[in-house]
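Here's the letter readout for the chains.
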Amino acid sequence: MSSSKKKTFLKKILSLFSVVRGYNILVLVFAQYLASIFIFSSEDDATKVIFDIDLFFIVLASVCVIASGYIINNFYDSKVDRINRPVKTGIDNYVKQETKLSIYFTLNFLGFVFGFLVSWKAALFFAVYIFGIWFYSHKLKKMPFMGLISATILTILPFFAIFVYYKNFSKIIFVHAIFLFLVIMVRELIKDLENIKGAIANNYQTFTVAYGELKTKQFSLLLLLLTLFPIVILFSYPELSYMKYFFYIALITLIYVGFYLWKSNTRSQYRFLHNILKLLLLIGVCCLVFIDTSLILEKVIDRLN
């Protein structure tokens, strides 16, 4: 292969990596395995979880479906992204739309197949998830409340698949999920503020476009205030163990985000807050290793008995 062909090939790989948000996919895989090892699974041996073939297929299905979701979202948002993310759009457009759509259908098919290799219920879950992502990108994203809620739910659903697979119904997981739901929803609202220019230009009725920046900030602050409740509840669980220090950091960070958000009025400031929340969620994933899994398992076993 000549050097020019190698450069072209590498550019296309980089473009596809950008389109499917490869960095987010890697974080997802990392998060699903950490959650499986330290929260959901009853196995003491981490290697048994890592080499669990059914879990591997669930993770693969999640990767395929979410990657395809980013592709279809990129397809529908191409005009918006030209305004909001001109540099990224230039990289993304190095691969033709026809190629992206072919990869989209291939990934959806593979996601369904990987789900079917686990069970027909898993296949049905991923089929519904595929439709949900498409419907969100095509229709729901342009609606104020439905776009906000559906984006948040679609972000959390891959962990729901792991949760159902292990059938671990401890309360700490539900409370933690509520905390994640609220933080992700705030992140989506800040993303709306960050991308308002492109949304207005393309007639997207996002929450910020429909209700204005002030209402968006007020609603975000309300959600940030609500995150205090799951945090306080989580502190009462001894199984939280050393992960409680993450929630101390989260508490301080979310208070800072609230104050800074109220004073913010530029796209760069909103992007800064968006990145802070992404980093907080990433740190939260890494801190799952500090949860005392044995206490969670004991409570689940006691309930079953």
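(A) Quick look at the environment of Ile72. Along the chain, Ile72 turns up in helix 4 (residues 53-76). Expressed as a C-alpha distance, the spacing of Ile72 and Ile58, which sit 14 residues apart in the sequence, is 21 Å. The residues touching Ile72, leaving out its near neighbours within four places in the chain, are Leu101, Tyr104, Ile133, Trp134 and Ser137.

(B) Just the layout of surface pockets, in detail. By volume, the second largest pocket amounts to about 250 Å³. Counting residues per element, the ones that place at least two in the lining of the second largest pocket are helix 8 (120-138) and helix 9 (144-166). In terms of residue class, the lining of the second largest pocket is built from nine nonpolar, one polar and two charged.

(C) Geometry of a nonpolar patch on the surface. Where nonpolar side chains cluster on the molecular surface, the patch consists of Phe112, Phe116, Trp120, Leu124 and Val128 and spans about 560 Å² of accessible area. In terms of residue count, the dominant contributor to the nonpolar patch is helix 8 (three residues). What makes Phe112 partly exposed here is its relative accessible area of 36%.

(D) How the structure looks around the confidence of the model for the protein chain. For the protein chain, mean pLDDT is 84; residues scoring 70 or higher make up 91% of the total. Considering only residues more than four positions removed or in separate chains, one finds that residues 295-305, a stretch of pLDDT under 50, has 15 contacts.

(E) Spotlight on the packing of aromatic side chains. In this structure the tally under the stated criterion is 22 aromatic pairs. Seen from their ring centres, Phe145 and Phe207 are 5.2 Å apart, and the 90° between their planes marks the pair as edge-to-face. With a gap of 62 residues between them, Phe145 in helix 9 and Phe207 in helix 12 (residues 207-226) connect regions that are remote in the sequence. Given a relative accessible area of 38%, Phe145 falls into the partly exposed group. A residue is classified by how much of its surface remains accessible, and Phe207, at 4% relative accessible area, is buried. Relative to Tyr260, the ring of Tyr256 lies with its centre 5.7 Å away and its plane at 25°, an arrangement referred to as stacked. Residue Tyr256 and its partner Tyr260 are both found in helix 14 (residues 244-263); the two are separated by four residues, about one turn of the helix. Residue classification places Tyr256 among the partly exposed residues on the basis of a relative accessible area of 38%.

Parameters at a glance
Residues numbered from 1 in each chain as written. Predicted model: local features only at pLDDT ≥ 70, side-chain atom pairs only at ≥ 80, totals over all residues. Heavy atoms only, no water. Helix = DSSP H or I, 4+ residues; strand = E, 2+ residues; numbered from the N terminus. Contact = heavy atoms within 4.5 Å. 1 Å grid on protein atoms, 1.4 Å probe; cavity = no way out; pocket = protein on both sides within 12 Å on 5 of 7 lines; lining within 4 Å. Points joined across faces, edges and corners; volume = space filled by probe spheres on them. Nonpolar A, V, L, I, M, F, W, Y, C, P; charged D, E, K, R; others polar. Patch = residues over 30% accessible without salt bridge, like charges linked within 9 Å, V, L, I, M, F, W, Y side chains within 5 Å. Areas by Shrake-Rupley, 256 points an atom, 1.4 Å probe, with all protein chains shown as cover. Salt bridge = Lys/Arg side-chain N within 4 Å of Asp/Glu carboxyl O. Buried < 20%, exposed > 50% of the residue type's maximum accessible area, 1.4 Å probe, protein only. pLDDT = per-residue confidence, 0-100. Phe/Tyr/Trp six-rings, centres within 6.5 Å; stacked < 30°, edge-to-face > 60°.

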